[in-house]
Structure formats: C-alpha cells, structure tokens
Amino acid sequence: MGTGRTLGSAVRPLYPVILLLVVAVLVQRVHADCRVTKCNSEFVASTRDLNPENLRDLVLYCRALRQARQCARRTARQCRGDLHYHSTIRGFDDLMQTHNCTHVSDEPVPTRPTQEHLPQMCAYRGGTNTVYRHCGLFGDPHLRTFYDKFQTCKVDRAWPLIDNAYLAVQVTNVPVAVAASHGFTATATTKLTVIVKGEVAECAREKVYQAQQNNLPDAFADGTRSGGPNGIRSLVLDVRVPGHHVEIHIRYINTTIVLRQIGNYLTFAIRMPEDVINTGNVDEDGLQLCVKGCPLSERIDYVEFLKNPPQSSNTVVHRSEVAMPKEMAIAKCMQSNVTDFYLDSCVFDLMTTGDANFTLAAKSALEDVYRLHPNPGRTQPNRTIESHLTASQTPVNSAPSRTLPRRTLSLYMLLISCIILLTNWSYFVT
C-alpha cells in the first residue's frame, strides 16, 4: 500500500509533461496529414516574378491563385480542424477579392487574332511606349471614357462614340419602357454601327458592321468576316458566341472592339492606342462620347440619385417610384461580384428598371475592363455599399490576411496547453 502511494506521488508531477508531449504529437500529426502548406508554397513559387499591376501578369497571377485555392480545398478532409488550413483558405479568398480575380478571365489578353505577317504598310508602328486606352458603354447607358471619366447619361437617339481617321462608331439609345412606366428617363442601347475607314494605305477597304436589338450579325454588312490586301487579314471579325458576343480586331492600328447582346440591349467596349484616338476631331466642336464624355445637359447625377432615392430627390424626374428597392438592388448586384462604378451602375439600373439583365451587363462590362484596360485597377471606390457593410462583412477591396507558418501555429497550440495546465496545476500536484 505504501509503495502504491509512493509511485502515485512520483508519477503525478509528470502529468503536465506527459500531456504536453501528447498535445505536441497530436499537433504534429495533424500537420503531417494536412498538406495545405504545399499548395501555398507552389503558389508563392509560381507568382514570385509576377506583377499583378500588369494586365498580362494579372491573368497568370489569378490563374495560379485559382489553382492554389482548388489545391487547398482538396485537402479539406485531412486538414479539418487545422488552423493553418483555415487561415490559408481565408488568405487565398482575400487575395481573390483584392485583385478582383473573379472578373479576370483565364483567356489571354487580346492580341492579334492570327500570326499572319502584315506588310510593312499595314503594320502598326507603335513602339513599346505606346499608351492604350479603354472606353466602355453599357446599361442605362453608363459610360467610361478613354480617360477614365465615369458618367451616366440619357443620350437618347443617335450619338457618336468615336470618330477619327481610322474608325467611326455610332450608338443609338431608346427609352426603356419599364423605366418610363415608373417615371424615369432611362435609356439603353439598341443599335451600334462600326465603320472601319478604308482610306489608310489600302490596309482594308471600308467595312461596316451594324448590330441591332436582338441581331448581332456574324459578318460585316458585305457578308465578309475579314479584310486586307492580297488575302492578308488586317481586319478580322471574330464571333465568340453567336448572337451574343462579337469582337472586331483592327490589326493595323492594334485595336480591339467588343460588342455584346445582353437581354434586349447592347454593350460596347474598345481598346485603342492613344495616338490613334488623337487623329480624330478633338477640338471643342468635335463630339465623341468616348473622348469627351456626355454633354452636361445629358448627364444624370447617379451619385445623388443613389444617396437620395426618388422619393426625396428630383435628380431624374418628379413623382417617380423605384422599380426595385435600393437594398434589394444592392444585394442582387453584390451577388454578381460587380464592384466600384459597375456596382453603382448595376444598382442604379435595377432601381430604375427592375430588369436583372442589367446586372449581367455590368458584370460583362467589368470583365471587359480586365481584358482591355491597360491598368484595370483604376476604378472608383464603392459608394452604394459603404454604409451597408457591417462589422461582420469584409469590404470588397480589403487587404488580404496573411497566413501563419506551421511552426507558429504549433507554438500557439502548445502555449494554450501550457496555460490550461498551469491554471490546473494544483490538481496534478495534490
């Protein structure tokens, strides 16, 4: 009996040490089975030399990030309960939001559609320092000019978007019937006419492409899909999705035009060198919406509209009622992952029309930005959702959280165990 008491007294002080060893073994076992660190290491190695501020690098960066996130999620079963796994997943998700990878396609940045050699007279002469600009028109309509001015306009009927020595684009907008029934003067695009001028060194004869409501042709007006001297395709019409998505590549000025049919209306986007833009009429009398924006008399103060809905605002028209409540519109637009100006535009369109297709138009317009804009990060901060974010929600452009190393997590686990043991020390030594 005395021997038993002596043995128990001798072993009891060793309980803390034994428990610490057990905890350490369990922690190490979890980490041994959880291979999420490998996913993170491969992502870091594959993106070390990439600069997400560069559009081409951004495509590769987001592709690697998607692969890493898929790799990490495949380890969910083995890593259940592992703090490092959960922090890694959160880190990848935050990086997806920070770089807006949801809107970055895996498709390469648009370049020349073929590798055909162009004759010298038709080769674009821009150098490595060439500045490219993007313009887009979508929705109600909402305009992003070549110089990143964001506007919402009425511009009813026909208006020139672009008019320079090489290209002319005209847009026709009509009132949206649903919006009119609610008392709003909203319009949307039902016709886009693209005229490729043919006077430039015979690189392409004049070609006309005309898209109309519910009719996105798969050829130019003359029935062809390309043009150029001696069979060389210096101008190419590329049908991406028949009836819904068409692109025009003007190779000799290194320009890409994207036309889409979404719902009952059309959207427009373009990427063009600045020196080509400047060949147009840019004086005070020349009207090009992509260059100068909409005239003041045609602009709608959408910022004021969103701050003060029509019940308390005379921004658009008097005695108007929204087609969709603001909170519901915000929720639907956020589900589509649109951000910045495109979120504001989406909310505006749903409030004035209630047509969910305008959500898709905003989403596609933002995707075009990430394909065509030389610096897609140049957007405005969200205005419609700032006051709607709660402490439990993460802002769209929040900074990524950093994942913790495995060793640090193990030490934290051991530290917690030590605290528990010390607080119960009297139990083990008595």
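How each quantity is defined
- Residues numbered from 1 in each chain as written.
- Predicted model: local features only at pLDDT ≥ 70, side-chain atom pairs only at ≥ 80, totals over all residues.
- Heavy atoms only, no water.
- Core = buried A, V, L, I, M, F, W, Y, C linked by side-chain atoms within 4.5 Å.
- Buried < 20%, exposed > 50% of the residue type's maximum accessible area, 1.4 Å probe, protein only.
- Helix = DSSP H or I, 4+ residues; strand = E, 2+ residues; numbered from the N terminus.
- Contact = heavy atoms within 4.5 Å.
- Expected span 1.5 Å × (residues − 1).
- Pairing = 2+ DSSP bridges.
- Phe/Tyr/Trp six-rings, centres within 6.5 Å; stacked < 30°, edge-to-face > 60°.
- Disulfide = S-S within 2.5 Å.

### Notes on the nonpolar core
Within soluble globular proteins, side chains that are nonpolar tend to cluster in buried spots.
No. 1: The biggest cluster of nonpolar side chains holds 44 residues, and the ones touching the most others in it are Phe43, Leu65, Tyr342 and Val347.
No. 2: Elements supplying a minimum of two residues to this core: helix H3 (36-47), helix H4 (55-73), helix H5 (83-98), helix H9 (302-307), helix H10 (326-335), helix H11 (340-353) and helix H12 (357-372).
No. 3: Sequence-distant contacts of Phe43, defined by excluding residues within four places in its chain, comprise Tyr61, Ala64, Leu65, Ala68, Phe92 and Leu95.

### Thoughts on H11
No. 1: In this model, H11 (14 residues) spans 20 Å end to end at C-alpha, consistent with the 20 Å of a helix rising 1.5 Å per residue.
No. 2: By the criterion of burial, H11 is predominantly enclosed, with 14 of the 14 residues buried.

### As for the pairing of strand S4 (residues 157-163)
No. 1: Of the pairings in the sheet, the one linking S4 to strand S5 (residues 167-175) comprises six bridges and is antiparallel in character. In the strand pairing of S5, Arg157 is matched with Asn173.
No. 2: In sequence, S4 turns back onto S5 through a hairpin of three residues.

### Description of the pairing of strand S10 (residues 245-250)
No. 1: Burial analysis of S10 places six of its six residues in the buried class, which makes it a mostly covered element.
No. 2: The alternating pattern of S10 places His245, Glu247 and His249 on one face and Val246, Ile248 and Ile250 on the opposite face, and all of these are buried.
No. 3: As paired elements, strand S9 (residues 235-241) and S10 share six bridges and run antiparallel to each other. Among the inter-strand pairings, Val239 is bridged to a residue of S10, identified as Val246.
No. 4: Linking S9 to S10, which pair antiparallel, is a turn of three residues; within it Gly243 sits at a positive phi near 80 degrees.
No. 5: The sheet contact formed by S10 and strand S11 (residues 255-262) spans six bridges and is antiparallel. Among the inter-strand pairings, His245 is bridged to a residue of S11, identified as Arg260.
No. 6: Linkage of S10 to S11, two consecutive antiparallel strands, is achieved through a turn of four residues, within which Asn254 is found at a positive phi near 50 degrees.

### Thoughts on the packing of aromatic side chains
No. 1: One pass over the structure, following the stated rule, counts ten aromatic pairs.
No. 2: The interplanar angle of 75 degrees and the centroid separation of 5.6 Å between the aromatic rings of Phe43 and Phe92 together place this pair among those described as edge-to-face. Pair noted here: Phe43 is in helix H3 and Phe92 is in helix H5, with a separation of 49 residues, a long-range link.
No. 3: Taking relative accessible area as the criterion, Phe43 reaches 7% and is therefore assigned buried.
No. 4: A relative accessible area of 2% means that Phe92 is categorised as buried.
No. 5: Residues Phe138 and Tyr342 carry aromatic rings whose centres are separated by 5.4 Å and whose planes lie at 20 degrees to one another, so their mutual orientation is stacked. Of this pair, Phe138 sits in strand S1 (residues 132-138) while Tyr342 is found in helix H11, placing the two residues 204 residues apart along the sequence.
No. 6: Residue classification places Phe138 among the buried positions, given a relative accessible area of 2%.

### Let's talk about the side chain of Asp349
No. 1: For Asp349, the location among the structural elements is in helix H11.
No. 2: Here Asp349 is in contact with Gly139, Asp140, His142, Gly354 and Phe358, once residues within four sequence places are set aside.

### Digging into the state of the cysteines
No. 1: Applying the stated criterion across every chain yields a total of six disulfides.
No. 2: Note on cysteine connectivity: Cys62 is disulfide-linked to Cys101, with sulfurs 2.0 Å apart. What sets the handedness of the Cys62 and Cys101 disulfide is the S-S torsion sign, and at about -70 degrees it is left-handed. Highlighted residues: Cys62 in helix H4 and Cys101 in the loop between H5 and S1, separated in sequence by 39 residues.
No. 3: When its relative accessible area of 0% is taken as the criterion, Cys62 is described as buried.
No. 4: The partner cysteine of Cys122 in its disulfide is Cys203, sulfur to sulfur 2.3 Å. Torsion about the S-S bond of the Cys122 and Cys203 cystine: about -110 degrees, corresponding to left-handed handedness. In this pair, Cys122 is assigned in the loop between H5 and S1 and Cys203 in the loop between strand S6 (187-196) and strand S7 (207-212), connecting sequence segments 81 residues apart.

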